[in-house]
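Letter by letter, the chains look like this.
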Amino acid sequence: MGEQTVSRRGLLGAAGIGLLFGAAGGAGAGYAASHAATPADQAASTAAVPFHGEHQAGIATPVQDRLHFCAFDVITDSREALVALLRKWTDAAARMTAGQDAGPGGAVGGIPEAPPDDTGEALGLPPARLTITIGFGPTLFEKDGKDRFGLRSRRPAALVDLPHFPGDKLDPARCGGDLAIQACSDDPQVAVHAVRNLARIGFGVVAVRWSQLGFGKTSSTTPSEQTPRNLFGFKDGTNNIPGDDTEALRQHVWVAPEDGPDWMVGGSYLVARRIRMHIETWDRAPLAEQEQIVGRTKGEGAPLGAAREHDPVDLAKLPADSHVALSHPGANGGLRILRRGYSFVDGSDGLGRLDAGLFFIAYQRDPRKQFIPLQAKLSARDRMMEYLQHTGSGIWACPPGVRPGEFWGQRLFA
Ligand SMILES: C=CC1=C(C)c2cc3[nH]c(cc4nc(cc5[nH]c(cc1n2)c(C)c5CCC(=O)O)C(CCC(=O)O)=C4C)c(C)c3C=C
Ligand SMILES: [Fe+2]
């Protein structure tokens, strides 16, 4: 029955394309007209991204449209139970990213007396480029001075606790987590289904600590595509690390053998920051001032003093306190990070303001040399900070990719 369910999702993939894009006939027609996707685009956005490989998918993978990010606490003291869960999660993730149900019994094919092996809301939906990426937080290695799972000595030196940055207004309920799951897909329902099923499988071993939905990717790792815009209305991701630039990825994103520890080689460090953007205040700032704050033009996304988006940045032509002047590699000894953030709007705050912003995600080889010094500089000097408030935060070590038969983080537990 599992196989039948698999083929049902596979067969419905083609129909799913019609469903996804056919919906444009209603309220979305204006969108469809202005963003007319080619048949190749449509096929690409329903396709499966390989789960197995040297690196975890979801880092250098071209950024999908939607995010469901979830931080978990491990609620057992048993190392065996944790390892058993990682095995189950790896199997389920491999299945779901291929467009299959989370478990072999399927959503409707199992015995009627037992809860189904899948929650069912992705039945009929294609894989939609789902990627599921896992990270291990500092508290998995040691919490309150306790070596909970015999992992203390295996904690990477680079997995530091993030320091306090000026202007941080972090909500503890949106910070940290022993484990993080980043699910990205071109279909929000597919991303939510993935996290929901991992949480269901983890019942009794993990509990959801906090989660974040994201839309409208705010960073592109595919320079050939149109650069997306953030909620300030500016192109975001122009000068990001392209997902196919293997040399830049090697230099700035993947942990190298000389970095160690062994179990992290080929992995990367994930820093997430929930950054509230005071968009109502921003919307009252004059266009010229907005451009001075960012350091790029709003329409074209060109560096100030240049004409086209991808023209080189001339730091001398940018205000010294602009975001780009402060974050450009040329002003930071060549420092680069891979940005993979999403916009969010989590309702309103009761004061007539939207609780909106950027769920900033960055991958890097060593946060001590990349995110931390950069954010220390931005939080102290970036004029954009006047419009921002960091409300959530976390850091996780994302192990390398898995080979068939292995489980996520297997080398950590070896
Ligand atoms: C610590 C790192 C960064 C944080 C936090 C951050 C927040 C943040 N950024 C924008 C909007 C833009 N950022 C842009 C470029 C850019 N940002 C960072 C780093 C952080 N941003 C870097 C390294 C860069 C690249 C700079 C360069 O090489 O020129 C841009 C310009 C377009 C682009 O290149 O992507 C925008 C716009 C917001 C709104 C924000 C917090 C909410
Ligand atoms: Fe930025």
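Keep in mind it's a predicted model, so treat the numbers as computed, not measured.

What to know about the overall build of the protein
- A count of helical and extended segments in the protein gives 11 helices and 9 strands.
- Here the protein, with 414 residues, has 43% of them falling under the buried criterion.
- Restricting to contacts in the protein with at least 6 residues of sequence separation, those with at least 24 account for 74%.

Notes on the site of ligand 1
- Within the structure, ligand 1 sits among 29 residues, and F234, T238, N239, S327 and L358 are positioned closest to it.
- Going through the elements one at a time, β5 (268-277), α10 (323-327), β8 (354-364) and α11 (371-381) are the ones with two or more residues in the shell around ligand 1.
- Per element, the largest residue contribution to the shell around ligand 1 is 4 residues, and it comes from α11.
- In terms of residue class, the shell around ligand 1 is built from 15 nonpolar, 10 polar and 4 charged.

As for the pairing of strand β1 (residues 66-74)
- For β1, the buried fraction is high: 8 of the 9 residues fall into the buried class.
- The pairing of β1 with strand β3 (residues 179-185) spans 7 bridges and is antiparallel. Counterpart to F69 in the pairing with β3 is Q182.
- In this sheet, strand β4 (residues 206-217) lies alongside β1 in antiparallel orientation, the contact comprising 8 bridges. The partner of H68 across the bridge, within β4, is L213.

Focus: the packing of helix α4 (residues 79-97) against helix α6 (residues 188-201)
- As a packed pair, α4 and α6 sit with axes 10 Å apart at the nearest point and diverge in direction by 155 degrees. Our classification of the angle between α4 and α6 gives roughly antiparallel. Of the two elements, α4 crosses α6, and the hand of that crossing is right-handed. Each of K88, W89, A92 and M96 in α4 lies in contact with α6, whose residues at this interface are A194, N197, L198 and I201.
- Looking at side-chain class alone, the contact of α4 with α6 contains 6 nonpolar, 1 polar and 1 charged residues.

A word on α6
- Over its 14 residues, α6 extends 20 Å from the first C-alpha to the last, a length consistent with the 20 Å expected when each residue adds 1.5 Å.
- Of all the positions in α6, only V190, A191, V192, H193, A194, V195, N197 and L198 are classed as buried.
- Buried residues belonging to α6 abut β1, α4, β2 (131-136), β3 and β4.

Some remarks on the environment of D168
- With respect to the element layout, D168 can be found in the loop between α5 (138-141) and β3.
- On the basis of neighbour count, D168 is assigned to the partly exposed category, with 15 C-beta atoms found within 10 Å.
- It is 9.4 Å that separates the C-alpha atoms of D168 and L388, two residues lying 220 residues apart in sequence.

Considerations on α4
- If you check α4, its first and last C-alpha atoms are 27 Å apart, about what 19 residues at 1.5 Å a residue would give, namely 27 Å.
- Contacts from the buried residues of α4 go to β1, β2, α6 and β4.
- Count one or two residues on from α4 and you reach G99, which has phi positive near 90 degrees.

Brief notes about the environment of I181
- With respect to the helices and strands, the residue I181 is situated in strand β3.
- Judged by C-beta crowding, with 26 C-beta atoms within 10 Å, I181 ranks as buried.
- Excluding anything up to four places from it in sequence, I181 contacts C70, I132, I134, V195 and L198.

Considering the pairing of β2
- Within β2, 6 of the 6 residues are buried, which leaves it mostly tucked inside the rest of the structure.
- In β2, alternate side chains face the same way, and those of T131, T133 and G135 on one face and I132, I134 and F136 on the other are all buried.

Some words on the confidence of the model for the protein
- This prediction gives the protein a mean pLDDT of 90; 89% of its residues lie at or above 70.
- Confidence over residues 1-36 falls short of pLDDT 50; this stretch has 38 contacts with residues more than four positions distant or in other chains.
- Across the whole predicted complex the pTM is 0.92, and at the interface the ipTM reaches 0.99.

Concerning the environment of H68
- The topology assignment puts H68 in strand β1.
- For H68, a count of 24 C-beta atoms within 10 Å puts it in the buried group.
- As for H68 and A183, which are separated by 115 residues in sequence, their C-alpha atoms are 5.2 Å apart.
- When residues no more than four places from it in sequence are discounted, the contact partners of H68 are A183, A191, V192, V195, S211 and L213.

Quick notes on the rules
- Residues numbered from 1 in each chain as written.
- Chains lettered and ligands numbered in written order.
- Predicted model: local features only at pLDDT ≥ 70, side-chain atom pairs only at ≥ 80, totals over all residues.
- Helix = DSSP H or I, 4+ residues; strand = E, 2+ residues; numbered from the N terminus.
- Buried ≥ 20, exposed ≤ 12 C-beta atoms within 10 Å, placed from the backbone.
- Contact = placed C-beta atoms within 7 Å.
- Near = placed C-beta within 6 Å.
- Nonpolar A, V, L, I, M, F, W, Y, C, P; charged D, E, K, R; others polar.
- Pairing = 2+ DSSP bridges.
- Axes fitted to C-alpha atoms, helices over the stretch in contact; angles between N-to-C directions.
- Parallel < 35°, antiparallel > 145°, perpendicular 65-115°, else oblique.
- Left-handed = near helix turned anticlockwise from the far one by under 90°.
- Expected span 1.5 Å × (residues − 1).
- pLDDT = per-residue confidence, 0-100.

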